[in-house]
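# Observations on the model geometry
Below are the chains, spelled out letter by letter.
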Amino acid sequence: MVLSSPKSRPSSGHVSSSRERSLVPIGMATILPHAAKQVRRLEAQLFAQVSSWGYDEIMLPTFEYLDVLAPGLEAELLETCYQFIDRTTGRTLLLRPDATAQIARTIAMGLTGMTLPQRLMYRTSVFRYEPEHAGRGREIFQVGAELIGLDDVAADYEVISLLIECLHSIGLRSFTIALGHVGFIKVLLMRSGLSALGQKRAEQSVARKDLPRLEEVLVSERIAKSAARAIREAPELIGQEEVLARGRVLAAGDPKLMAPLERLAQLYQLLCAAGHRESLLLDLGEFRGFDYYDGAVFDVFAHGVGAELGGGGRYDHLIGRFGRDLPSTGFALDLDRLFHAVEFPEAGAGGARIDYLVAGPRRSMRRVIEIATRLRRSHRRVVQQAVIGNEQGLCLQALEAGRAQGAGALVLVGAPGVDQNDVALFDNLGSRGMRHSTGHTRRPVMKKLTLPALLALAGRSHRRPKESP
């Protein structure tokens with residue numbers, strides 16, 4: 001997510017020059033000020049939405065002991081972890097590769113209490129080694145939510161509905177949620193006679209929609225034709241209600257296959273009844289890339305982004321790996337990819353970067369600092385600065401400084417013709433580009449104000465209702 005201009009989009013850590021490549025670790029993120037403001041806005045909107053559903057924030061450690069967290073991580077993920085030695089204990093540490101596993105460990109230890117259900121939310125980064133050619137970042141910014149202690153379709157519905165509301169809250173209206181149940185494809189694979197290794201390879205193939213590799217696995221293990229036919233078909237069963245109907249045919253009355261289908265059908269019907277049908281796509285081959293998922297799972301996609309924006313699902317047995325089995329479900333959203341999907345205003349389109357520049361000659365800096373401090377107490381964004389110039393040039397220098405810094409207004413101390421106890425206010429600095437009918441550029445008008453009058457004006461302006469977006 002190395003950003004070099006206001007119009008730039010995150011680039012998953014890829015940089016353009018050999019000099020940059022030698023200074024910035026591959027896959028790491030440098031988010032420049034304009035983009036950082038937009039990312040923080042996304043994060044704040046998402047967090048406010050999740051909080052409104054009764055979720056409480058949890059802050060997770062950046063690194064963990066490998067032997068403590070390893071039970072919650074699959075072998076493939078462990079291979080992508082950044083690992084190093086703790087100088088104090090000699091034990092192996094790893095940078096956080098997955099927030100859900102950390103939360104599972106925290107819950108199992110009883111650190112959040114014993115009362116259930118628990119609703120937790122987080123904003124954090126996870127770190128995973130990705131080959132340079134994979135086009136992915138190695139530091140992934142996430143906002144997520146976990147619902148612990150409920151095992152019913154209403155809990156699955158809550159988490160997916162919350163995900164949808166989060167996307168709406170940041171202005172994303174067009175997206176698709178691929179919804180499935182890993183229990184269906186897992187049972188198909190288990191009853192086929194695949195070896196443990198073969199089943200793992202088949203699961204990975206289905207998760208990646210790599211059908212040629214799946215075929216290789218089935219052929220190499222000589223799976224019976226009827227079982228292989230159902231396994232081949234399941235990943236391609238994508239659509240609406242007809243997917244469930246065909247799934248029931250493949251299940252052939254097997255209770256272990258029918259149970260996940262019925263759970264998925266109930267969840268789908270609840271979401272459709274809530275008006276989300278147009279955003280849903282049933283996928284009987286939906287199989288997220290983490291092996292701790294064991295129930296309803298989902299990924300969310302948007303046009304123009306070549307990977308999922310996020311996803312999640314049910315993981316009823318993950319917490320049990322750390323000693324206390326609890327049903328759970330949740331989701332995480334990738335802020336980097338959301339940044340690609342959401343439209344932002346151009347730099348400057350959203351108004352002034354700062355509310356006031358308070359300026360004056362060096363001899364007046366005590367007065368400048370006092371005024372700037374009091375304006376900040378009115379919840380305004382204020383920059384203070386000394387300017388150099390004689391009486392004729394003081395205003396010009398201060399105005400140029402205000403415009404250069406994107407100030408909405410200039411408060412000038414020591415302006416020519418203004419009493420020493422008063423200030424000069426130049427409002428609407430952005431009007432430099434406006435012209436009179438004569439063609440001349442319109443200059444901001446100077447107003448002489450007492451300090452109490454300025455503070456009153458700042459307070460009124462802050463309380464003025466904002467226009468609807």
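Residues numbered from 1 in each chain as written. Predicted model: local features only at pLDDT ≥ 70, side-chain atom pairs only at ≥ 80, totals over all residues. Heavy atoms only, no water.

### Considerations on the pairing of strand β7 (residues 176–181)
With respect to burial, β7 is a largely interior element, 5 of its 6 residues being buried. Both β7 and strand β10 (residues 296–301) contribute to a ladder of 6 bridges, which runs antiparallel. The partner of histidine 181 across the bridge, within β10, is alanine 296. (Buried < 20%, exposed > 50% of the residue type's maximum accessible area, 1.4 Å probe, protein only. Helix = DSSP H or I, 4+ residues; strand = E, 2+ residues; numbered from the N terminus. Pairing = 2+ DSSP bridges.)

### Observations concerning the packing of helix α6 (residues 153–169) against helix α12 (residues 255–273)
Between α6 and α12, whose axes approach to 10 Å, the crossing angle comes to 50°. In terms of their interaxial angle, α6 and α12 are classed as oblique. In the packing of α6 onto α12, the handedness of the crossing is right-handed. Here Val153, Asp156, Tyr157, Ile160 and Ser161 of α6 lie close against α12, whose contacting residues are Arg263, Gln266, Leu267, Leu270 and Leu271. Residues that form the contact of α6 with α12 fall into these classes: 6 nonpolar, 2 polar and 2 charged. (Axes fitted to C-alpha atoms, helices over the stretch in contact; angles between N-to-C directions. Parallel < 35°, antiparallel > 145°, perpendicular 65-115°, else oblique. Left-handed = near helix turned anticlockwise from the far one by under 90°. Contact = heavy atoms within 4.5 Å. Nonpolar A, V, L, I, M, F, W, Y, C, P; charged D, E, K, R; others polar.)

### Comments concerning the pattern of salt bridges
Pairing between side chains of opposite charge can happen when the charged atoms of each approach one another. Under the counting rule described, the total for this entry stands at 26 salt bridges. One salt bridge in this structure joins aspartate 156 and arginine 263, with 3.0 Å as the shortest N-O distance. One end of the pair, aspartate 156, is in helix α6; the other, arginine 263, is in helix α12, with 107 residues separating them in the sequence. According to the relative accessible area criterion, aspartate 156 is buried, its value standing at 2%. A salt bridge links aspartate 334 to arginine 337, with the nearest nitrogen and oxygen atoms 3.7 Å apart. Judged on exposure class, the residue aspartate 334 and its partner arginine 337 are both buried. Several salt bridges share partner residues, and in doing so they unite Asp151, Asp156, Arg263, Arg314 and Asp316 into one network. (Salt bridge = Lys/Arg side-chain N within 4 Å of Asp/Glu carboxyl O.)

### What to know about the sheet that holds β10
The strand order β1-β5-β6-β12-β11-β10-β7-β9-β8 describes an open sheet built from 9 strands, whose pairing is mixed. At either end of the open sheet lies a strand with only one pairing partner, and these are β1 (56–57) and β8 (238–239). Lying over the sheet, helix α5 (residues 99–108) contacts β5 (118–127) and β6 (139–148), oriented at roughly 135° with respect to β5.

### Structural notes on the nonpolar core
The nonpolar side chains of a soluble globular protein tend to be buried with one another. Formed by 101 residues in total, the largest nonpolar core has its most connected members in Ile177, Phe331, Leu333 and Leu338. Sort the elements by how many residues they give to this core and α6 lands first, with 9 residues. The residues touching isoleucine 177, leaving out its near neighbours within four places in the chain, are Ile160, Leu163, Ile164, Ser279, Leu280, Leu281, Phe298, Asp299 and Val300. (Core = buried A, V, L, I, M, F, W, Y, C linked by side-chain atoms within 4.5 Å.)

### Digging into the side chain of serine 192
You can see serine 192 is positioned in the loop between α7 (182–190) and α8 (196–207). Within the structure, the side chain of serine 192 is placed 2.6 Å from the backbone oxygen of leucine 189, a separation counted as a polar contact. There is a polar contact of 3.4 Å between the side chain of serine 192 and the backbone nitrogen of leucine 194. Excluding anything up to four places from it in sequence, serine 192 contacts Ile223, Ala227 and Ile231. (Polar contact = N/O pair within 3.5 Å; in protein donor to acceptor, adjacent residues only side chain to side chain.)

Purely geometric numbers; function is a separate question.
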